[in-house]
Amino acid sequence: MLLEIDDIHVHYGKIAALKGISVQVDRGEIVTLIGANGAGKTTTLKTVSGLRDLSAGAVRFDGADISKMPGHKRVLAGIGQAPEGRGIFPGMTVEENLLMGAYARRDDSSKELAEAYELFPRLAERRTQAGGTMSGGEQQMLAIGRALMAKPKVLLLDEPSMGLAPMLVQQIFSIIEEINRRGTTVLLVEQNAQQALQIAHRAYVLETGRVVKSAAASELLDDPQVRAAYLGGDIGDAVEAEEPEPGEAGKPGGEAGEPDGGDDAGGAAKD
Ligand SMILES: Nc1ncnc2c1ncn2[C@@H]1O[C@H](COP(=O)(O)OP(=O)(O)OP(=O)(O)O)[C@@H](O)[C@H]1O
Ligand SMILES: [Mg+2]
(Lines give C-alpha, C1' and ligand atoms only; values in the text may rest on other atoms or scores of the structure.)
(Ligands and ions follow the chains in the order given, each with its own letter.)
Protein backbone atom coordinates (compact mmCIF):
# COMPACT_ATOMS: atom_id res chain seq x y z
CA MET A 1 0.00 0.00 0.00
CA LEU A 2 1.34 3.41 -0.94
CA LEU A 3 -0.81 5.68 1.21
CA GLU A 4 -2.73 4.77 4.31
CA ILE A 5 -4.94 7.24 6.09
CA ASP A 6 -5.69 5.49 9.34
CA ASP A 7 -8.60 6.65 11.46
CA ILE A 8 -7.66 10.32 11.39
CA HIS A 9 -9.40 12.95 13.44
CA VAL A 10 -8.90 16.61 12.55
CA HIS A 11 -10.26 19.67 14.33
CA TYR A 12 -10.66 23.29 13.41
CA GLY A 13 -10.68 24.80 16.89
CA LYS A 14 -13.37 22.87 18.70
CA ILE A 15 -15.09 21.72 15.54
CA ALA A 16 -14.35 18.15 14.53
CA ALA A 17 -14.05 18.18 10.74
CA LEU A 18 -12.80 14.59 10.44
CA LYS A 19 -14.13 12.02 12.90
CA GLY A 20 -12.11 8.97 12.06
CA ILE A 21 -11.44 8.78 8.32
CA SER A 22 -9.64 5.72 6.95
CA VAL A 23 -8.64 5.56 3.30
CA GLN A 24 -6.18 3.26 1.57
CA VAL A 25 -4.51 3.97 -1.73
CA ASP A 26 -2.54 1.27 -3.50
CA ARG A 27 0.28 1.95 -5.90
CA GLY A 28 -1.04 2.58 -9.39
CA GLU A 29 -4.63 3.34 -8.36
CA ILE A 30 -6.90 6.28 -8.89
CA VAL A 31 -8.93 6.60 -5.71
CA THR A 32 -11.62 9.23 -5.42
CA LEU A 33 -13.32 10.83 -2.42
CA ILE A 34 -16.83 12.05 -3.03
CA GLY A 35 -19.30 13.73 -0.71
CA ALA A 36 -21.36 16.83 -0.11
CA ASN A 37 -19.94 20.25 0.68
CA GLY A 38 -18.30 20.28 4.07
CA ALA A 39 -17.96 16.49 4.25
CA GLY A 40 -14.21 16.75 4.88
CA LYS A 41 -12.65 15.98 1.51
CA THR A 42 -10.33 18.98 1.34
CA THR A 43 -9.40 18.55 4.99
CA THR A 44 -8.43 14.94 4.30
CA LEU A 45 -6.12 15.97 1.45
CA LYS A 46 -4.64 18.78 3.53
CA THR A 47 -3.87 16.35 6.32
CA VAL A 48 -2.06 14.09 3.87
CA SER A 49 -0.02 16.96 2.45
CA GLY A 50 0.77 18.31 5.91
CA LEU A 51 -1.23 21.54 5.83
CA ARG A 52 -3.41 20.39 8.75
CA ASP A 53 -2.40 18.60 11.91
CA LEU A 54 -4.30 15.57 13.04
CA SER A 55 -5.49 15.15 16.60
CA ALA A 56 -5.65 11.36 16.40
CA GLY A 57 -4.88 8.61 13.93
CA ALA A 58 -1.98 8.35 11.50
CA VAL A 59 -0.97 8.95 7.91
CA ARG A 60 1.48 6.42 6.49
CA PHE A 61 3.20 6.83 3.17
CA ASP A 62 5.48 4.40 1.42
CA GLY A 63 5.92 2.42 4.62
CA ALA A 64 6.67 5.34 6.96
CA ASP A 65 4.52 7.20 9.46
CA ILE A 66 4.47 10.77 8.14
CA SER A 67 1.86 12.13 10.56
CA LYS A 68 4.32 14.63 12.01
CA MET A 69 6.46 15.26 8.94
CA PRO A 70 6.50 18.90 7.77
CA GLY A 71 4.75 19.58 4.47
CA HIS A 72 7.85 20.42 2.39
CA LYS A 73 9.42 17.11 3.36
CA ARG A 74 6.30 15.29 2.25
CA VAL A 75 6.73 16.83 -1.19
CA LEU A 76 10.27 15.46 -1.28
CA ALA A 77 9.00 12.09 -0.08
CA GLY A 78 6.72 11.95 -3.13
CA ILE A 79 3.41 13.56 -2.23
CA GLY A 80 2.47 16.01 -4.93
CA GLN A 81 -0.48 18.32 -4.94
CA ALA A 82 -2.20 20.92 -7.03
CA PRO A 83 -3.56 23.17 -4.31
CA GLU A 84 -7.09 24.51 -4.14
CA GLY A 85 -6.98 28.07 -5.45
CA ARG A 86 -4.11 26.88 -7.62
CA GLY A 87 -1.25 28.85 -6.08
CA ILE A 88 0.25 30.01 -9.36
CA PHE A 89 2.99 32.64 -9.13
CA PRO A 90 1.30 35.39 -11.15
CA GLY A 91 4.43 37.33 -12.13
CA MET A 92 6.38 34.31 -13.32
CA THR A 93 6.04 32.83 -16.77
CA VAL A 94 4.34 29.52 -17.34
CA GLU A 95 7.70 27.84 -17.75
CA GLU A 96 9.11 29.41 -14.60
CA ASN A 97 6.04 28.24 -12.72
CA LEU A 98 6.59 24.72 -13.99
CA LEU A 99 10.25 24.78 -13.04
CA MET A 100 9.32 25.92 -9.53
CA GLY A 101 7.63 22.55 -9.18
CA ALA A 102 10.99 20.86 -9.64
CA TYR A 103 12.79 23.37 -7.45
CA ALA A 104 13.43 20.95 -4.61
CA ARG A 105 14.94 18.35 -6.91
CA ARG A 106 18.63 18.56 -7.68
CA ASP A 107 18.65 16.68 -10.94
CA ASP A 108 17.86 17.83 -14.46
CA SER A 109 14.16 18.37 -15.00
CA SER A 110 14.04 18.80 -18.78
CA LYS A 111 12.37 15.41 -19.21
CA GLU A 112 9.56 16.31 -16.83
CA LEU A 113 9.18 19.69 -18.48
CA ALA A 114 8.80 18.03 -21.87
CA GLU A 115 6.26 15.63 -20.39
CA ALA A 116 4.24 18.45 -18.84
CA TYR A 117 4.14 20.20 -22.21
CA GLU A 118 3.12 16.97 -23.88
CA LEU A 119 0.24 16.46 -21.44
CA PHE A 120 -0.79 20.11 -21.66
CA PRO A 121 -0.03 21.46 -25.15
CA ARG A 122 -1.69 24.71 -24.12
CA LEU A 123 1.09 25.30 -21.62
CA ALA A 124 3.69 24.77 -24.32
CA GLU A 125 2.01 27.38 -26.52
CA ARG A 126 2.02 29.81 -23.61
CA ARG A 127 5.37 29.06 -22.04
CA THR A 128 6.44 32.72 -21.90
CA GLN A 129 3.08 34.12 -20.78
CA ALA A 130 2.77 35.38 -17.19
CA GLY A 131 1.08 32.76 -15.02
CA GLY A 132 -1.32 35.33 -13.59
CA THR A 133 -2.71 36.19 -17.03
CA MET A 134 -3.59 32.59 -17.88
CA SER A 135 -7.32 31.78 -17.81
CA GLY A 136 -8.77 29.89 -14.87
CA GLY A 137 -8.73 26.59 -16.72
CA GLU A 138 -5.20 27.17 -17.97
CA GLN A 139 -4.04 27.95 -14.43
CA GLN A 140 -5.60 24.70 -13.30
CA MET A 141 -3.54 22.85 -15.91
CA LEU A 142 -0.47 24.78 -14.86
CA ALA A 143 -1.00 23.80 -11.23
CA ILE A 144 -1.24 20.11 -12.15
CA GLY A 145 1.73 20.37 -14.50
CA ARG A 146 3.77 22.01 -11.77
CA ALA A 147 2.86 19.30 -9.25
CA LEU A 148 4.03 16.66 -11.74
CA MET A 149 7.40 18.37 -12.11
CA ALA A 150 8.34 17.05 -8.66
CA LYS A 151 7.82 13.48 -9.93
CA PRO A 152 5.35 12.60 -7.17
CA LYS A 153 4.50 9.02 -6.30
CA VAL A 154 1.01 10.13 -5.45
CA LEU A 155 -0.76 13.17 -6.83
CA LEU A 156 -3.43 14.80 -4.66
CA LEU A 157 -6.03 16.67 -6.69
CA ASP A 158 -8.69 18.83 -5.07
CA GLU A 159 -11.51 19.50 -7.53
CA PRO A 160 -9.41 19.82 -10.67
CA SER A 161 -12.55 20.29 -12.77
CA MET A 162 -13.87 23.18 -10.71
CA GLY A 163 -14.82 26.19 -12.79
CA LEU A 164 -13.91 24.59 -16.09
CA ALA A 165 -16.04 24.70 -19.23
CA PRO A 166 -17.66 21.32 -20.04
CA MET A 167 -15.19 20.59 -22.83
CA LEU A 168 -12.24 21.26 -20.56
CA VAL A 169 -13.79 19.11 -17.84
CA GLN A 170 -13.69 16.12 -20.18
CA GLN A 171 -10.14 16.99 -21.10
CA ILE A 172 -8.91 17.28 -17.54
CA PHE A 173 -10.38 13.88 -16.64
CA SER A 174 -8.66 12.22 -19.60
CA ILE A 175 -5.39 13.90 -18.64
CA ILE A 176 -5.72 12.56 -15.10
CA GLU A 177 -6.25 9.08 -16.55
CA GLU A 178 -3.18 9.54 -18.71
CA ILE A 179 -1.08 10.73 -15.75
CA ASN A 180 -2.16 7.58 -13.93
CA ARG A 181 -1.38 5.36 -16.94
CA ARG A 182 2.11 6.80 -16.92
CA GLY A 183 2.60 5.53 -13.41
CA THR A 184 1.44 8.16 -10.93
CA THR A 185 -1.01 7.13 -8.23
CA VAL A 186 -3.86 9.61 -7.83
CA LEU A 187 -6.06 10.62 -4.90
CA LEU A 188 -8.83 12.69 -6.42
CA VAL A 189 -11.48 14.85 -4.76
CA GLU A 190 -14.36 15.86 -6.98
CA GLN A 191 -17.83 17.38 -6.88
CA ASN A 192 -18.17 15.97 -10.34
CA ALA A 193 -18.75 12.51 -8.92
CA GLN A 194 -20.00 10.88 -12.09
CA GLN A 195 -16.83 11.58 -14.02
CA ALA A 196 -14.57 10.92 -11.05
CA LEU A 197 -16.14 7.48 -10.60
CA GLN A 198 -15.72 6.76 -14.28
CA ILE A 199 -11.95 7.13 -14.16
CA ALA A 200 -11.32 5.90 -10.60
CA HIS A 201 -10.60 2.34 -9.52
CA ARG A 202 -12.06 2.73 -6.05
CA ALA A 203 -14.01 5.37 -4.19
CA TYR A 204 -14.94 6.49 -0.70
CA VAL A 205 -18.09 8.40 0.16
CA LEU A 206 -17.64 10.94 2.95
CA GLU A 207 -20.43 12.38 5.07
CA THR A 208 -19.80 14.92 7.83
CA GLY A 209 -16.30 13.76 8.60
CA ARG A 210 -16.83 10.04 8.24
CA VAL A 211 -16.52 7.42 5.53
CA VAL A 212 -20.01 6.02 4.97
CA LYS A 213 -19.21 3.82 2.01
CA SER A 214 -16.25 2.49 0.11
CA ALA A 215 -16.26 0.25 -2.92
CA ALA A 216 -15.04 -0.25 -6.45
CA ALA A 217 -15.88 2.90 -8.39
CA SER A 218 -17.95 0.95 -10.91
CA GLU A 219 -20.03 -0.44 -8.08
CA LEU A 220 -20.79 3.01 -6.69
CA LEU A 221 -21.80 4.21 -10.15
CA ASP A 222 -24.58 1.62 -10.02
CA ASP A 223 -25.49 2.19 -6.38
CA PRO A 224 -29.01 3.71 -6.28
CA GLN A 225 -28.32 5.60 -3.03
CA VAL A 226 -25.10 7.06 -4.38
CA ARG A 227 -26.80 7.89 -7.65
CA ALA A 228 -29.59 9.73 -5.90
CA ALA A 229 -27.34 11.63 -3.52
CA TYR A 230 -24.24 12.43 -5.55
CA LEU A 231 -24.78 11.77 -9.21
CA GLY A 232 -27.06 14.63 -10.12
CA GLY A 233 -29.93 13.50 -7.91
CA ASP A 234 -31.13 11.18 -10.64
CA ILE A 235 -34.37 10.21 -8.93
CA GLY A 236 -35.64 8.37 -12.01
CA ASP A 237 -32.79 5.91 -11.75
CA ALA A 238 -33.24 5.35 -8.05
CA VAL A 239 -36.94 4.62 -8.50
CA GLU A 240 -36.22 2.33 -11.42
CA ALA A 241 -33.74 0.39 -9.34
CA GLU A 242 -36.52 -0.45 -6.90
CA GLU A 243 -38.09 -2.78 -9.51
CA PRO A 244 -41.56 -1.38 -10.24
CA GLU A 245 -44.52 -3.74 -10.05
CA PRO A 246 -45.21 -5.46 -13.35
CA GLY A 247 -48.00 -3.69 -15.16
CA GLU A 248 -47.26 -0.36 -13.58
CA ALA A 249 -44.98 0.68 -16.40
CA GLY A 250 -45.93 3.76 -18.36
CA LYS A 251 -47.92 5.28 -15.54
CA PRO A 252 -46.54 8.75 -14.97
CA GLY A 253 -45.43 8.60 -11.36
CA GLY A 254 -46.20 11.61 -9.20
CA GLU A 255 -43.98 10.41 -6.39
CA ALA A 256 -40.76 12.09 -7.40
CA GLY A 257 -41.47 14.85 -4.92
CA GLU A 258 -39.06 17.56 -3.91
CA PRO A 259 -35.56 17.09 -5.14
CA ASP A 260 -33.41 17.09 -2.05
CA GLY A 261 -30.84 19.54 -3.25
CA GLY A 262 -30.72 22.65 -1.09
CA ASP A 263 -28.85 21.27 1.86
CA ASP A 264 -25.38 22.52 1.16
CA ALA A 265 -24.56 24.29 4.40
CA GLY A 266 -20.91 24.58 5.19
CA GLY A 267 -19.80 24.77 1.61
CA ALA A 268 -18.48 28.27 1.87
CA ALA A 269 -15.68 27.37 4.22
CA LYS A 270 -12.56 27.44 2.13
CA ASP A 271 -9.38 29.06 3.19
N1 LIG B 1 -10.25 26.87 8.10
C2 LIG B 1 -11.35 26.36 8.66
N3 LIG B 1 -11.84 26.81 9.83
C4 LIG B 1 -12.94 26.29 10.41
N5 LIG B 1 -13.64 25.27 9.89
C6 LIG B 1 -13.23 24.78 8.72
C7 LIG B 1 -12.07 25.28 8.03
N8 LIG B 1 -11.90 24.60 6.89
C9 LIG B 1 -12.90 23.70 6.85
N10 LIG B 1 -13.71 23.80 7.95
C11 LIG B 1 -14.90 22.99 8.24
O12 LIG B 1 -14.51 21.61 8.19
C13 LIG B 1 -15.52 20.83 7.55
C14 LIG B 1 -14.90 20.10 6.36
O15 LIG B 1 -14.51 21.04 5.38
P16 LIG B 1 -13.80 20.63 4.03
O17 LIG B 1 -13.31 21.88 3.38
O18 LIG B 1 -12.83 19.56 4.30
O19 LIG B 1 -15.03 20.02 3.21
P20 LIG B 1 -15.11 19.53 1.71
O21 LIG B 1 -15.66 18.16 1.74
O22 LIG B 1 -13.84 19.77 1.01
O23 LIG B 1 -16.25 20.52 1.13
P24 LIG B 1 -16.39 21.20 -0.33
O25 LIG B 1 -17.03 20.17 -1.19
O26 LIG B 1 -17.34 22.33 -0.06
O27 LIG B 1 -15.06 21.64 -0.79
C28 LIG B 1 -16.61 21.81 7.16
O29 LIG B 1 -17.62 21.74 8.13
C30 LIG B 1 -15.95 23.16 7.18
O31 LIG B 1 -16.84 24.18 7.51
MG1 LIG C 1 -13.22 20.99 -0.59
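Residues numbered from 1 in each chain as written. Chains lettered and ligands numbered in written order. Predicted model: local features only at pLDDT ≥ 70, side-chain atom pairs only at ≥ 80, totals over all residues.

Chemist: Describe the nonpolar core, naming the residues involved and giving the relevant values.
Modeler: Core analysis: the biggest nonpolar cluster contains 69 residues, and Leu-187, Leu-188 and Ala-203 have the highest contact counts within it. Top element by residues in this core is helix α6 (residues 136-149). It accounts for seven residues. In contact with Leu-187, other than residues within four places in its own chain, are Leu-3, Val-25, Val-31, Leu-45, Val-154 and Leu-156. (Core = buried A, V, L, I, M, F, W, Y, C linked by C-beta atoms within 7 Å. Buried ≥ 20, exposed ≤ 12 C-beta atoms within 10 Å, placed from the backbone. Helix = DSSP H or I, 4+ residues; strand = E, 2+ residues; numbered from the N terminus. Contact = placed C-beta atoms within 7 Å.)

Chemist: How would you sum up the sheet that holds strand β4 (residues 56-61)? Please name residues and give values.
Modeler: Spatial strand order, β2-β1-β4-β5: four strands in an open sheet with antiparallel pairing. This sheet does not close on itself; its edge strands, each paired only once, are β2 (15-25) and β5 (64-65). Two strands pair when backbone bridges link them, and β4 and β5 are joined in this way by two bridges, in the antiparallel orientation. In the strand pairing of β5, Arg-60 is matched with Asp-65. Packed on one face of the sheet, helix α1 (residues 41-49) meets β1 (3-12), β2 and β4 and runs near 110° to β1. (Pairing = 2+ DSSP bridges. Axes fitted to C-alpha atoms, helices over the stretch in contact; angles between N-to-C directions.)

Chemist: Tell me what's going on with the pairing of strand β3 (residues 30-35), and back it up with residues and numbers.
Modeler: In terms of residue burial, β3 counts as a mostly covered element, since six of its six residues are buried. Taking every second residue as pointing to the same face, both faces of β3 are buried, with Ile-30, Thr-32 and Ile-34 on one and Val-31, Leu-33 and Gly-35 on the other. As paired elements, β3 and strand β8 (residues 185-189) share four bridges and run parallel to each other. Paired with Ile-30 across the bridge in β8 is Val-186. The pairing of β3 with strand β9 (residues 202-207) spans five bridges and is parallel. Residue pairing for β9: Thr-32 is matched across the bridge by Ala-203.

Chemist: Account for α6, with residues named and values stated.
Modeler: End to end, α6 covers 20 Å across 14 residues, agreeing with the expected 20 Å (1.5 Å per residue, within 8%). For α6, the buried fraction is high: twelve of the 14 residues fall into the buried class. Against the buried residues of α6 lie β6 (79-82), α3 (94-101), α4 (110-119), α5 (121-125), β7 (154-158) and α7 (166-181). In the stretch just after α6, Lys-151 is the one whose phi turns positive, near 50°. (Expected span 1.5 Å × (residues − 1).)

Chemist: Describe in detail the pairing of β2, supporting the description with residues and values.
Modeler: Inspection of the sheet shows β1 paired to β2 by eight bridges, in the antiparallel sense. Bridging across to β2, His-9 finds its partner in Lys-19. Turn length for the β1-β2 hairpin, with the two strands adjacent in sequence and antiparallel, is two residues, and the turn residue Gly-13 shows positive phi of about 60°.

Chemist: Now, about the environment of Ala-39: what can you tell me, with residues and values included?
Modeler: Relative to the assigned elements, Ala-39 resides in the loop between β3 and α1. Considered as a pair, Ala-39 and Arg-210 are 171 residues apart in the sequence and their alpha carbons are 7.7 Å apart. In this structure Ala-39 touches Leu-206, Glu-207 and Thr-208, once residues within four positions along its chain are discounted.

Chemist: Pulling in residues and values, what's your account of the sheet that holds β6?
Modeler: Strand order in the open sheet made by the six strands is β6-β7-β8-β3-β9-β10, with mixed pairing throughout. Two strands bound the open sheet, and with one partner strand each, they are β6 and β10 (210-216). Each neighbouring strand pair of the sheet contributes to a mean axis angle of 20°, computed without reference to strand direction. With six bridges connecting them, β9 and β10 associate as antiparallel partners. Across the sheet, the residue bridging to Leu-206 is Val-211, located in β10. Helix-sheet contacts for α1 involve β3, β6, β7, β8 and β9, and the interaxial angle to β7 is about 145°.

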